[in-house]
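Fold and contact review
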Amino acid sequence: MNISDIGPIRIGQVENVEAGTGCTVFICENGMRAGLDVRGGGPASRDTQLLNPLMAADMIHAIVVGGGSAFGLGAANGVMKYLEERDIGFDVGVTKVPLVAQSDIFDLTVGDVYTRPDAEMGYAAAKMAFENPNYRDGNYGVGCGATVGKIAGMDTCMKTGIGSHVVKVGELMVGAVVVLNALGDVFDWKTGKQIAGLLTEDKKGLRSTAEFMKGITEVVDNKFTGNTTIAVVITNADFTKAELCKIAGMAHDGYARSINPVHTSADGDSIYAVSIGELKADRDLTGILAAEAVSEAIIKAVRSAESAYGYPAERDLNK
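The notes below deal with the structure included here. Keep in mind that this is a model prediction, so the values were computed, not measured.

1. Some thoughts on the nonpolar core
L180, V186, V233, V294 and I298 are the most contacted members of the largest nonpolar core, which totals 35 residues. For this core, the secondary-structure elements that each account for two or more residues are β11 (172–179), β13 (194–196), β14 (230–237), α4 (241–258), β16 (270–279) and α5 (283–303). For this core, the element with the highest residue contribution is α5, accounting for 9 residues. Setting aside its immediate chain neighbours within four residues, I298 contacts V178, L180, V186, G254, Y255, S258 and I259. In this structure, I3, I63, I105 and I230 belong to the second largest nonpolar core, which totals 32 residues.

This is the structure:
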């Protein structure tokens, strides 16, 4: 199954290959219930408080996952412009205000530091979502500038990307899209084998980020803070915002199984959970499936990536 099989959600991706950055936009024109759980210490985000169960909005219309760190948060402006032109949003009488949440990864050290996702790129990605949905795993959209294993700096990190996976039990479908941009190492959750992360000094193999950190005797306030793994979990089941926040929290188990170290002060690890269906389903089962989908999507983000910008991908390591 593909992520697009779950239901009425449109995904558009745009990337600037030369600059090493991009964005991925998820749109549901009739609105989607959404929750969020942030575990990393350094998120770059916009309007994510809309997903707090105490906030008034029952639905949002789009989620943007972009590069550029906080500089890239303007991409949501372009998404809002496109949706307003299509008369999509919360009706305030004089116009409709699209409700758009955004989270960004740090990819400024990959390509051109001064080129970031902006309103023009966000508009283009939203237009793509409606006119020609183009989601692909790999170095696409926000996955363009994704890397992992950066505790020792960019010289010994690896190229990753964006990945997706869908789990189906009966009529219940739970999928995840993950952009993998972690400080730590990545493991196949079924075998425990390290598949990406901190490279050896000769760049021919892998070593342990956790063990590397044990060898740092002084306190490091800035552990190369260019990291963040972001996931969007999508289900065809019917849940409230509060329930979706719980599902997003359970989905973080997928991060913990597959990334080590994870949820550090140098990461902005975030997971959105969105409901776009009317199926009645068990919240805890959905959370379990969400964690599985996240772990599998992380593997896809590693194995679908291509070497770029001088950073080797898993498929080319040891060749």
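That covers the picture; the talk isn't over yet.
2. Considering the packing of α4 against α5
Angle between the axes and distance between the axes are the two parameters that describe a pair of packed helices. Where α4 contacts α5, the two axes come as close as 7 Å, and the packing angle between them is 40°. The pairing of α4 with α5 is recorded here as oblique in orientation. The crossing of α4 and α5 is right-handed. Residues E243, K246, I247, M250, A251, D253, G254, Y255, R257 and S258 of α4 touch α5, and the partners they reach there are R283, D284, T286, G287, I288, A290, A291, E292, V294, S295 and I298.

3. Overview of the pairing of strand β2 (residues 21–38)
Side-chain positions along a regular strand alternate between the two faces of the sheet. For β2, the tally of buried residues reaches 15 of 18 residues, placing the bulk of the element in the interior. Two strands pair when backbone bridges link them, and strand β1 (residues 10–16) and β2 are joined in this way by 7 bridges, in the antiparallel orientation. By the bridge assignment for β2, G12 is matched with V25. Connecting β1 to the antiparallel partner β2 that follows it, the hairpin turn spans 4 residues, and G20 within it adopts a positive phi of roughly 75°. In this structure, β2 lies alongside strand β4 (residues 60–66), joined through 6 bridges in antiparallel fashion. Residue pairing in the sheet places F26 in a bridge with I63 of β4. Summarising the sheet, β2 and β16 pair through 6 bridges and their orientation is antiparallel. The partner of R33 across the bridge, within β16, is S275.

4. With respect to helix α2 (residues 119–131)
Helical periodicity: at 3.6 residues per turn, an α-helix aligns residues three or four positions apart in one direction. Taking 1.5 Å as the rise per residue, α2 with 13 residues should run 18 Å; its terminal C-alpha atoms sit 18 Å apart, in good agreement. Buried within α2 we find M121, G122, A125, A126, A129 and F130. Of the surrounding elements, those touching the buried residues of α2 are β1, β2 and α1 (75–85).

5. Looking at the environment of F239
On the secondary structure map, F239 appears in the loop between β14 and α4. Given the relative accessible area of 2%, F239 is considered buried. For the pair formed by F239 and G31, sequence separation is 208 residues and the distance between their alpha carbons is 13 Å. For F239, the contacting residues outside a window of four places in its chain are R33, L244, I247, S275, A281, D282, R283 and T286.

6. Here's the deal with the packing of aromatic side chains
Under the counting rule described, the total for this entry stands at 2 aromatic pairs. Judged by centre distance (5.3 Å) and plane angle (85°), the ring pair of Y82 and Y123 falls under edge-to-face. With Y82 in helix α1 and Y123 in helix α2, this residue pair connects regions lying 41 residues apart in the sequence. For Y123, a relative accessible area of 25% gives the class partly exposed. Aromatic pair Y82 and F130: ring centres 5.7 Å apart, planes at 45°, arrangement tilted. With Y82 in helix α1 and F130 in helix α2, the pair connects residues that are 48 residues apart, well separated along the chain. On the accessibility criterion, F130 (10% relative accessible area) is buried. Members of the aromatic cluster, each reached through a chain of ring pairs, are Y82, Y123 and F130. In this arrangement the basic side chain of K81 is found over the ring face of Y123, its NZ or CZ atom lying 5.7 Å from the centre.

Each value, and the rule that gives it
- Residues numbered from 1 in each chain as written.
- Predicted model: local features only at pLDDT ≥ 70, side-chain atom pairs only at ≥ 80, totals over all residues.
- Heavy atoms only, no water.
- Core = buried A, V, L, I, M, F, W, Y, C linked by side-chain atoms within 4.5 Å.
- Buried < 20%, exposed > 50% of the residue type's maximum accessible area, 1.4 Å probe, protein only.
- Helix = DSSP H or I, 4+ residues; strand = E, 2+ residues; numbered from the N terminus.
- Contact = heavy atoms within 4.5 Å.
- Axes fitted to C-alpha atoms, helices over the stretch in contact; angles between N-to-C directions.
- Parallel < 35°, antiparallel > 145°, perpendicular 65-115°, else oblique.
- Left-handed = near helix turned anticlockwise from the far one by under 90°.
- Pairing = 2+ DSSP bridges.
- Expected span 1.5 Å × (residues − 1).
- Phe/Tyr/Trp six-rings, centres within 6.5 Å; stacked < 30°, edge-to-face > 60°.
- Lys NZ or Arg CZ within 6 Å of the ring centre and 35° of its normal.

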